Amino acid sequence: MPNAQEQAGGRNRWDGVLPLRTLLVEQPETAAEPTGYWMSNLPAATPVADLVRWAKIRWRIEHDYRELKHGLDLDHFEGRTWRGWHHHVTFVTAAQVFLTLRRLDPKRMPA
């Protein structure tokens, strides 16, 4: 993503005005101070509900990465070749997809 100077055409043509950004602040009613902050470069007309959904998706990404790393042994590759690493990551990713589809299947019987 280009920085502000690049967006304005380079160092000599930059007028010093930063591009518009949206600050999303989370403060539950029971909290005395905000509990979360997110900065967005999406258009100003983006609905707040979308901004909140995209800000909160970080939890889902962190959960999936933790499952890949600890539950499916993504970090346990001990080979030395690119091909071996590629196969390991491919199989781990396929296992993650399988588990995600099973978890989201409404017809799945409880374990």
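Numbering of residues starts from 1 in every chain and runs along the sequence as written. Per-residue local features are limited, in this predicted model, to residues with pLDDT of at least 70; the limit for side-chain atom pairs, both in listing and counting, is 80 or more; totals at the level of whole chains, interfaces and linings are taken over all residues. Hydrogens and waters are ignored; side-chain quantities use all the structure's heavy atoms.

## Here's the deal with the packing of aromatic side chains
Thought 1: Think of it this way: a Phe, Tyr or Trp ring, Trp meaning its six-membered ring, pairs with another when their centres are within 6.5 Å, and the plane angle makes it stacked under 30 degrees, edge-to-face over 60, tilted otherwise. This model, assessed by the stated rule, comprises one aromatic pair.
Thought 2: Both rings, one in Trp82 and one in Trp85, keep their centres 5.1 Å apart while their planes meet at 35°; by these two values the pair is tilted. In this pair, Trp82 and Trp85 are both assigned in helix H3 (residues 82-104), three residues apart and thus about one turn of the helix distant.
Thought 3: To sort residues, take the accessible area from a 1.4 Å probe on protein chains only and compare it with the maximum for the residue type: under 20% means buried, over 50% means exposed, and anything in between is partly exposed. Residue Trp85 is classed as partly exposed on the basis of its relative accessible area, which comes to 38%. Numbered from the N terminus, helices here are DSSP runs of H or I no shorter than four residues, and strands are runs of E no shorter than two.

## Details of the side chain of Ser40
Thought 1: Mapped onto the elements of the fold, Ser40 is located in strand S2 (residues 36-40).
Thought 2: Ser40 gets classed as buried once you look at its relative accessible area, which sits at 12%.
Thought 3: Under the rule applied, a polar contact is a pair of N or O atoms within 3.5 Å (in protein, one hydrogen donor and one hydrogen acceptor; residues adjacent in sequence only if both atoms are side-chain atoms). A polar side-chain atom of Ser40 sits 3.0 Å from the main-chain amide nitrogen of Leu42.
Thought 4: Contact between two residues is taken to exist if any of their heavy atoms lie within 4.5 Å; hydrogens are not considered. Excluding residues that lie within four positions of it along the chain, Ser40 makes contacts with Arg21, Thr22 and Leu51.

## Things to note about the packing of helix H2 (residues 48-71) against H3
Thought 1: Angular values range over 0 to 180 degrees, each being the angle between N-to-C directions of two axes fitted as lines to C-alpha atoms, with helices fitted over their stretch in contact. Where H2 contacts H3, the two axes come as close as 10 Å, and the packing angle between them is 125°. What the angle tells us is that H2 and H3 run oblique. Crossing geometry of H2 relative to H3 is assigned as right-handed. Here Arg60, Asp64, Glu67 and Leu68 of H2 lie close against H3, whose contacting residues are Val92, Gln96 and Arg103.
Thought 2: Nonpolar residues are Ala, Val, Leu, Ile, Met, Phe, Trp, Tyr, Cys and Pro. Charged residues are Asp, Glu, Lys and Arg, and all others, Gly as well, are polar. Its residues placed into classes, the contact of H2 with H3 shows two nonpolar, one polar and four charged. Working rule for angles: under 35 degrees goes down as roughly parallel, over 145 as roughly antiparallel, 65 to 115 as roughly perpendicular, anything else as oblique. In this scheme, a crossing is called left-handed if the near helix is turned counterclockwise away from the far one by less than a right angle; it is called right-handed if the turn is clockwise.

## Notes on unusual backbone geometry
Thought 1: Here Asp73, not a glycine, exhibits a phi torsion of approximately 60°, which is positive.
Thought 2: Within the fold, Asp73 resides in the loop between H2 and H3.

## Considering H3
Thought 1: In this model, H3 (23 residues) spans 33 Å end to end at C-alpha, consistent with the 33 Å of a helix rising 1.5 Å per residue.
Thought 2: Every buried residue belonging to H3 is among His88, Val92 and Gln96, and all of these are buried. One less than the residue count of a helix, multiplied by 1.5 Å, gives the span that helix is expected to have.

## A few points about a nonpolar patch on the surface
Thought 1: A residue counts toward a patch only above 30% relative accessible area and without a salt bridge, and it is joined to like-charged neighbours within 9 Å or, for Val, Leu, Ile, Met, Phe, Trp and Tyr, to nonpolar neighbours within 5 Å. Residue exposure ignores everything except the shown protein chains as possible cover, and the areas themselves are Shrake-Rupley values with a 1.4 Å probe. Salt bridges are defined by distance alone: a side-chain nitrogen of Lys or Arg within 4 Å of a carboxyl oxygen of Asp or Glu. Nonpolar side chains collect at one region of the surface, where Leu23, Val25, Tyr37 and Met39 lie side by side and expose about 450 Å² of accessible area between them.
Thought 2: When residues of the nonpolar patch are traced back to their parent elements, those giving at least two are strand S1 (22-26) and S2.
Thought 3: As for its position among the elements, Val25 is in strand S1.

Spatial relationships are all this shows, so hold off on functional conclusions.
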